[in-house]
Amino acid sequence: QRNGRIDRHGQRASEVVIWHPVDAEGGHGDDILRALRKLDAMRADMGSVNPVIAPQLPDLLEGRRRDLDTRQAEARMERSRRLVKVERDLRDRVAKLHERLNDTRREQSLVPDHIERAVRTALRIADKPDLEPVSLVGAPDGTVFRMPPMSGSWSRCLEGLEHPYTRKIRPITFDHDVAKGRDDVVLVHLNHRLVQMSLRLLRAEIWARDDVKKLHQVTVRSLPDGRIEGPAVVIVSRLVVTGGNHQRLHEELTEAGGYLRDGNFRREDRVTEVRRWLEDSKPAGLSASTFDALRTRFDKHRDAILSAVEARSKDRLRFLTNKIDAQKVKEIDDIRQVLDDLEHALKTELIAER
C-alpha cells in the first residue's frame, strides 16, 4: 500500500526510495508481526491506534522493545465497551417504549381523525372558529388545517406556528406521517396546548350541570341493514386503576353494549363486535317520538345495562391485574439491573484508582 502511494502515476522524481521496517536482526521478525496484529485488533475496537504506536515505534524497530505496551489503550477500550453497552441498552429501552406507545395508540384509538374530531368539537363548545382545511403539497386532503384567530387563553395555542426563519404562519396537522421530515407544517400531538385545552374542556362538560352543559352524553348512530338484529345500545365508560398511594396506574375507555329490546336487554359478549358497531356506524337523526321510545326502553332496562357495564369492567380489570403485576416485576428487575451495573462500575473505578 505504501509503495502505491509513493511510486504512482505522476511521480516526477528520478529515483524513489521506499523504506520497510525491519527488526534489529534485519528481518521482518515475529515481534513486528505480532505488534501489527495487536494494532489491527485495537484499531477495530478504538478506530485509531496512533496514540498507542507513536511513542513506542522507534524502540520496537530498533529492537529495544519486543512488544507494545497497550495497558492504557486497553483500559480506554474497556470504558468504550461499557459506553457502547449503555447506548445499546438505551436504544433497546427506547424501542420498547416506542412499541408500548404504539400499542396504547391502537388500544385507545388515538388516531389523527379522532384527535381532530375532539379538537373541533371543543372549539364549537368554546364558541371559537372552526379549523379551516387547506391543501399542502405531499399531504393527503383533509389532513392539514389553518388555525383560526384565537383570543383569551386560547391564543396561546397559536404559539410556535410562526416559522423561525421565514416568519410565515404554518398550518397544522394531527398526523405524524404528514409532519415527518418537513418544517412547513406544525404537528399538533397529544401534549400540544390545543389538544390539552380541548380535552380539559370536554372533561369539564361531562361533569357540568344539565342546565349549562353544551355537550350531550348521548348520540344516535346508524348501521347498514343486516349488521344488527335491532336497536342496540353501547356504553363507553372510563376505567381507572390506582395504587395504594392513589397514584394512577392505568386508565382507559371500555365499551359494553347489547340489544335494547322491549321485553329485555341482551348483552353482546363479543367486545370486538361492539367496537365494530362504533367504528362502522355513522351519525343519524331520529324523530322525537322514536327517540322517546328508545329512552323509555333504556330507563326500563337501566339496571341490566349497568350490570353489563360492570361485568365488562371486571373482565377487563382481571386482565389488567395480571398485566400490572407483570409490569411491576419487570420494573423491579430493571431497577435492580441499573443498580447492579452502577455498583459494578463504581467498584471498577475504585480499583483502577488504587
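Structure: above.
**Focus on the side chain of E205**
Inference 1: By the element assignment, E205 lies in helix 8 (residues 193-207).
Inference 2: K214 provides the closest opposite charge to the buried, unpaired E205, separated from it by 6.4 Å.
Inference 3: If near-sequence neighbours (up to four positions away) are discounted, E205 is found in contact with I125, K213, K214 and L215.

**Observations concerning the environment of V86**
Inference 1: Relative to the helices and strands, V86 resides in helix 5 (residues 71-108).
Inference 2: With a relative accessible area of 54%, V86 lands in the exposed category.
Inference 3: When the C-alpha positions of V86 and D341 are compared, they lie 9.7 Å apart, and in sequence the two are 255 residues distant.

**Some points on the packing of aromatic side chains**
Inference 1: Evaluated as defined, the whole model comprises two aromatic pairs.
Inference 2: Measuring from ring centre to ring centre gives 5.5 Å for Y259 and W277, while their planes differ by 70 degrees; the resulting arrangement is edge-to-face. Linking Y259 in strand 7 (residues 248-260) with W277 in helix 9 (residues 271-280), this pair joins segments that are 18 residues apart in sequence.
Inference 3: By relative accessible area, Y259 is classed as buried at 5%.
Inference 4: Residue class for W277 comes out buried when judged on its relative accessible area of 4%.

**Considering the pattern of salt bridges**
Inference 1: The final tally for this structure, using the stated rule, is 25 salt bridges.
Inference 2: As a salt-bridge pair, E251 and R238 come within 2.6 Å of each other at their nearest N and O atoms. Here the residue E251 occupies a position in strand 7, and R238 occupies one in strand 6 (residues 232-242), the gap between them amounting to 13 residues.
Inference 3: Looking at E251, the relative accessible area reads 30%, which means it is partly exposed.
Inference 4: Among the ionic pairs, K300 bridges to D262, the shortest N-O distance being 4.0 Å. Of this pair, K300 sits in helix 10 (residues 288-300) while D262 sits in the loop between strand 7 and strand 8 (265-267); the two residues are 38 residues apart in sequence, bridging distant segments of the chain.
Inference 5: You can call K300 exposed: its relative accessible area is 55%.
Inference 6: Each of R267, D269, D315 and R318 takes part in one network of salt bridges that share partners.

**Here's the deal with the packing of helix 6 (residues 112-125) against helix 8**
Inference 1: The contact between helix 6 and helix 8 brings their axes to 9 Å, and the two run at 65 degrees. You can see that helix 6 and helix 8 cross each other, and the crossing is left-handed. Contact residues: I115, A118, V119, T121, A122 and I125 in helix 6; L194, V195, S198, L201, L202 and E205 in helix 8.
Inference 2: In terms of residue class, the contact of helix 6 with helix 8 is made up of nine nonpolar, two polar and one charged.

**Some words on the sheet that holds strand 8**
Inference 1: Taken in spatial order, the three strands make up an open sheet running 6-7-8, and their pairing is antiparallel. Each end of this open sheet is capped by a strand with a single partner; those strands are strand 6 and strand 8. Taking each pair of neighbouring strands and ignoring which way they run, the sheet shows an average axis angle of 35 degrees.
Inference 2: For strand 7 and strand 8, the ladder comprises three bridges, and the chain directions are antiparallel. Bridge pairing in strand 8 places G258 opposite R267.

**A closer look at unusual backbone geometry**
Inference 1: The phi torsion at R167 lies on the positive side, around 65 degrees, for a residue other than glycine.
Inference 2: On the secondary structure map, R167 appears in the loop between strand 2 (144-146) and strand 3 (172-173).
Inference 3: If you check the backbone angles, H246 has positive phi at about 65 degrees while not being a glycine.
Inference 4: Position of H246 among the secondary structure elements: in the loop between strand 6 and strand 7.

**Considerations on helix 9**
Inference 1: Listed as buried for helix 9 are E273, V274 and W277. One face of helix 9 carries all of its buried residues, which in axial projection span an arc of 105 degrees.
Inference 2: Buried residues along helix 9 sit in contact with strand 6 and strand 7.

**Comments concerning the sheet that holds strand 2**
Inference 1: With mixed pairing, four strands are arranged side by side in an open sheet as 1-2-3-4. Where the open sheet ends on each side, the last strands, each with one partner, are strand 1 (132-133) and strand 4 (186-187).
Inference 2: Where strand 2 meets strand 3, two bridges bridge the pair, whose relative direction is antiparallel. When the bridges of strand 3 are listed, V144 appears paired with T173.

**Here's the deal with the nonpolar core**
Inference 1: Residues V119, L131, M147, W154, I172, F174 and L194 are the most contacted members of the largest nonpolar core, which totals 17 residues.
Inference 2: With residues up to four places along the chain from it excluded, the contact list for L131 reads V119, R120, L123, F145, R146, M147, P148, I172 and F174.

**Notes on the pairing of strand 6**
Inference 1: Pairing geometry for strand 6 and strand 7, over 11 bridges, is antiparallel. Across the sheet, the residue bridging to V236 is E255, located in strand 7.
Inference 2: Counting the residues in the hairpin turn of strand 6 and strand 7 gives five residues, including H246, whose phi is positive at 65 degrees.

The rules behind the values
Residues numbered from 1 in each chain as written. Predicted model: local features only at pLDDT ≥ 70, side-chain atom pairs only at ≥ 80, totals over all residues. Heavy atoms only, no water. Helix = DSSP H or I, 4+ residues; strand = E, 2+ residues; numbered from the N terminus. Buried < 20%, exposed > 50% of the residue type's maximum accessible area, 1.4 Å probe, protein only. Lys, Arg positive; Asp, Glu negative; His and termini not counted. Salt bridge = Lys/Arg side-chain N within 4 Å of Asp/Glu carboxyl O. Contact = heavy atoms within 4.5 Å. Phe/Tyr/Trp six-rings, centres within 6.5 Å; stacked < 30°, edge-to-face > 60°. Axes fitted to C-alpha atoms, helices over the stretch in contact; angles between N-to-C directions. Left-handed = near helix turned anticlockwise from the far one by under 90°. Nonpolar A, V, L, I, M, F, W, Y, C, P; charged D, E, K, R; others polar. Pairing = 2+ DSSP bridges. Arc of directions from axis to C-beta. Core = buried A, V, L, I, M, F, W, Y, C linked by side-chain atoms within 4.5 Å.

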